[in-house]
Amino acid sequence: MAELEKVGPFPAGAEPDEYDRRRRRVLWSLPTGLYVLGSCAGGRRNLMTLNWATQVATDPKVVAVSVESGAVTRDLVERGGVFSLSILRRDDRAVVRKFVKPLEDTGDPDSLAGHPVHAAVTGAPILDQAAGWLDCRVIERTAWDSHTVFFGEVVDCGEADVSGELLRMEDTRMSYGG
Ligand SMILES: Cc1cc2nc3c(=O)[nH]c(=O)nc-3n(C[C@H](O)[C@H](O)[C@H](O)COP(=O)(O)O)c2cc1C
């Protein structure tokens, strides 16, 4: 992994290198799920591995996702104003390695990069193998230098077996952010 920039503020007396490493360990320890975010705009679709997602309001039903500034997905969600979240089974952990770089979209509505997909209300691609899924329309956004947080109202959802064992970040040896 590339050396990450040290970002302040640093508490009084803290040694920046040590504090940076400690803060990263604590941030990495935040328990999260691990999902595949679907996006679409202007005839192009994408799927991206993402762990920064959570529900943030009940009325309306709002889910927030945080997407890297340089990601193809950020541009697609920005322009398309929609996103989907595919919730995965723990057994499907290998799938997330496939969605860490932009996919080629050949335009087949039933498939994306060899993975069977379907669309719901918004048109954002949803993995057929998902244990459950949320389809969201963007109602708000907040942009920082590194990431844009999109707030999406849930406009449709589906489930296959969300009561089963679902994929979490801790099921992998990967980390993100920090
Ligand atoms: C385990 C894991 C978790 C990730 N979580 C996020 C995330 O929450 N937000 C994000 O923007 N990128 C996340 N990424 C990185 C994206 O999957 C990756 O940068 C992707 O290439 C960028 O998307 P793009 O295909 O739209 O360009 C994660 C990567 C991994 C391996």
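Thresholds applied
Residues numbered from 1 in each chain as written. Predicted model: local features only at pLDDT ≥ 70, side-chain atom pairs only at ≥ 80, totals over all residues. Helix = DSSP H or I, 4+ residues; strand = E, 2+ residues; numbered from the N terminus. Near = placed C-beta within 6 Å. Nonpolar A, V, L, I, M, F, W, Y, C, P; charged D, E, K, R; others polar. Buried ≥ 20, exposed ≤ 12 C-beta atoms within 10 Å, placed from the backbone. Pairing = 2+ DSSP bridges. Arc of directions from axis to C-beta. Contact = placed C-beta atoms within 7 Å. Axes fitted to C-alpha atoms, helices over the stretch in contact; angles between N-to-C directions.

## Thoughts on unusual backbone geometry
- Residue P9 follows G8 across a cis peptide bond; omega there is 5 degrees.
- You can see P9 is positioned in the segment before α1 (16-28).
- In this chain, D59 is followed by P60 through a cis amide linkage whose omega measures 5 degrees.
- Position of P60 among the secondary structure elements: in the loop between β3 (53-57) and β4 (62-68).
- The backbone phi angle of A113 is positive, close to 50 degrees, even though this residue is not glycine.
- For A113, the position within the fold is in the loop between β6 (111-112) and β7 (115-119).

## Side note on the site of the ligand
- Within the structure, the ligand sits among 17 residues, and W52, E68, A71, V72 and T73 are positioned closest to it.
- Top contributing element to the shell around the ligand by residue count: strand β2 (residues 44-50), with four residues.
- Looking at the shell around the ligand, its residues break down into ten nonpolar, five polar and two charged.

## Focus on the pairing of strand β5 (residues 82-87)
- Among the six residues that make up β5, six are buried, leaving the element largely enclosed by the rest of the structure.
- When strand β1 (residues 35-41) meets β5, the two strands line up antiparallel, connected through four bridges. Along β5, the bridge assignment pairs Y35 with I87.
- Inspection of the sheet shows β5 paired to strand β9 (residues 132-143) by six bridges, in the antiparallel sense.

## What to know about the pairing of β7
- One ladder, built from two bridges, connects β6 with β7; its direction is antiparallel. Counted as the bridge partner of L112 is H115 from β7.
- From the end of β7 to the start of strand β8 (residues 125-127), which pair antiparallel, there are five residues, and G123 there has a positive phi angle of about 95 degrees.

## Examining helix α2 (residues 72-80)
- Within α2, burial applies to T73, R74, L76, V77 and G80. Angularly, the buried residues of α2 cover 165 degrees about the axis, an arc narrow enough to put them on a single face.
- Of the surrounding elements, those touching the buried residues of α2 are β1, β2, β4, β5, β9 and β10 (147-159).
- Once α2 ends, the next one or two residues include G81, with phi positive near 70 degrees.

## Brief notes about the sheet that holds β6
- Spatially, β6-β7-β8 is the arrangement adopted by the three strands of the open sheet, whose pairing is antiparallel. Edge strands, defined here as strands with exactly one partner in the open sheet, are β6 and β8.

## Structural notes on the sheet that holds β4
- Taken in spatial order, the seven strands make up an open sheet running β2-β1-β5-β9-β10-β4-β3, and their pairing is antiparallel. The open sheet is flanked by β2 and β3, the only strands paired with a single partner. Between one strand axis and the next, the sheet turns through 35 degrees on average, direction left out of account.
- In this sheet, β4 lies alongside β3 in antiparallel orientation, the contact comprising four bridges. Across the sheet, the residue bridging to T54 is A64, located in β4.
- α2 contacts β1, β2, β4, β5, β9 and β10 of the sheet and is inclined by roughly 55 degrees relative to β1.

Geometry only, nothing functional implied.
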